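# Coordinates in review
Chain by chain, the residues:
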Amino acid sequence: MTVLKADNALYVALKMVPEGTRMTVYTSNQGSAKTNVVAELRKEPGSGWDDWQFLKRPATANAELLPATWPNEDPTIISSTALAESLGQNPDLWADISD
C-alpha cells in the first residue's frame, strides 16, 4: 500500500532535482526579519544522499522554519525528508529552484 500525502510528493520532487541545483526558500510571514529569505540551499553534489546544503541563511531569518538535520556538518545539511516536511507543513513557505 502506498500512502499519498503532500510531504511524500514534495520528497519525490526534491529527489528528482539534479545535484548541484540551487534553491531559495522564502516565507510570507517574515516577522521581525529584514528579509523574507529563509535560506539558500544547494542539492549536495556527488553524495548520493539527496540532501541539501545550506549555502546562506540570513542572520535575521528564523532558523526554526528549516531546521538543519546535521548542524555539525560543514556546510550544514538538511535532508530531503526534513525539507519536504518543512515545505509541506508550513503554508507560509515556498521555494524557487534555479535551473
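Refer to the structure presented above.
As the structure is a computational prediction, the values presented were derived from the model and not from experiment.

When helices and strands are tallied, the protein shows 2 helices and 5 strands. Reading the protein from its N end, one meets helices and strands in the order α-β-β-β-β-α-β. Computed over its C-alpha atoms, the radius of gyration of the protein comes to 13 Å, within 12% of the 13 Å expected for a compact globule of 99 residues. Considering only C-alpha atoms, the protein reaches an extent of 45 × 30 × 25 Å along its principal axes. Put simply, the protein has 99 residues, and 36% of those count as buried. Counting only contacts in the protein whose residues sit at least 6 apart along the sequence, the fraction spanning at least 24 positions is 52%. Total accessible area on the protein stands at roughly 6,100 Å², and carbon and sulfur atoms take up 50% of it. Taking the 8 positively charged and 13 negatively charged side chains of the protein as two groups, their mean positions are separated by 4 Å.

Within the largest apolar cluster, 17 residues are counted, with the highest numbers of intra-cluster contacts made by M23, V25, L41, W52, L66, I78 and L83. Elements supplying a minimum of two residues to this core: strand 1 (22-27), strand 2 (37-43), strand 3 (52-56) and helix 2 (80-89). Looking at which element gives the most residues to this core, the answer is helix 2, with 4 residues. Not counting chain neighbours up to four residues away, the residues in contact with M23 comprise L14, A39, E40, L41, W52, L83, A95, D96 and I97.

Right, let's talk about the sheet that holds strand 3 for a bit. Pairing is antiparallel across the open sheet formed by 5 strands, whose spatial order is 4-3-2-1-5. Two strands bound the open sheet, and with one partner strand each, they are strand 4 (77-78) and strand 5 (93-98). Inspection of the sheet shows strand 2 paired to strand 3 by 4 bridges, in the antiparallel sense. For K43, the partnering residue across the bridge sits in strand 3 and is W52. Most of the contacts of helix 2 go to strand 5, to which it runs at about 130°, and overall it touches strand 1, strand 2, strand 3, strand 4 and strand 5.

Moving on: the pairing of strand 3. Inspection of the sheet shows strand 3 paired to strand 4 by 2 bridges, in the antiparallel sense. Bridging from a neighbouring strand, Q53 pairs with I77 of strand 4.

This next bit is on the side chain of D50. Among the secondary structure elements, D50 is positioned in the loop between strand 2 and strand 3. Take D50: its relative accessible area is 15%, and that puts it in the buried class.

Rules used in this analysis
- One numbering rule holds for all chains: residues counted from 1, following each sequence as written.
- In keeping with the predicted nature of the model, local features appear solely for residues at pLDDT of at least 70, side-chain atom pairs appear and are counted solely at 80 or more, and the whole-chain, interface and lining totals rest on all residues.
- Calculation of side-chain values draws on the structure's entire complement of heavy atoms; hydrogens and water are dropped beforehand.
- Comment: elements are numbered from the N terminus, with helices defined as DSSP H or I runs of at least four residues and strands as E runs of at least two.
- A radius of gyration in this sense is built from C-alpha atoms; the matching globule rule multiplies 2.2 Å by the number of residues raised to 0.38.
- Note on classification: 1.4 Å probe, protein chains only; a residue is buried when its accessible area is under 20% of the maximum for its type, exposed when over 50%, partly exposed between these limits.
- Note on contacts: a residue pair qualifies if any of its non-hydrogen atoms lie within 4.5 Å across the two residues.
- Computed with a 1.4 Å probe, the accessible areas rest on the Shrake-Rupley method; for each residue, only the protein chains presented here act as cover.
- In this count, Lys and Arg are taken as positive residues and Asp and Glu as negative ones, while His and the chain termini are left out.
- One atom stands in for each charge, and that atom is NZ of Lys, CZ of Arg, CG of Asp or CD of Glu.
- Note on terminology: a nonpolar core comprises buried Ala, Val, Leu, Ile, Met, Phe, Trp, Tyr and Cys residues joined through side-chain atoms within 4.5 Å.
- By definition, two strands form a pair when at least two bridges between them are found by DSSP.
- Every axis corresponds to a line fitted to the C-alpha atoms, with the helix fit spanning only the stretch in contact, and the corresponding angles, defined between N-to-C directions, vary from 0 to 180 degrees.

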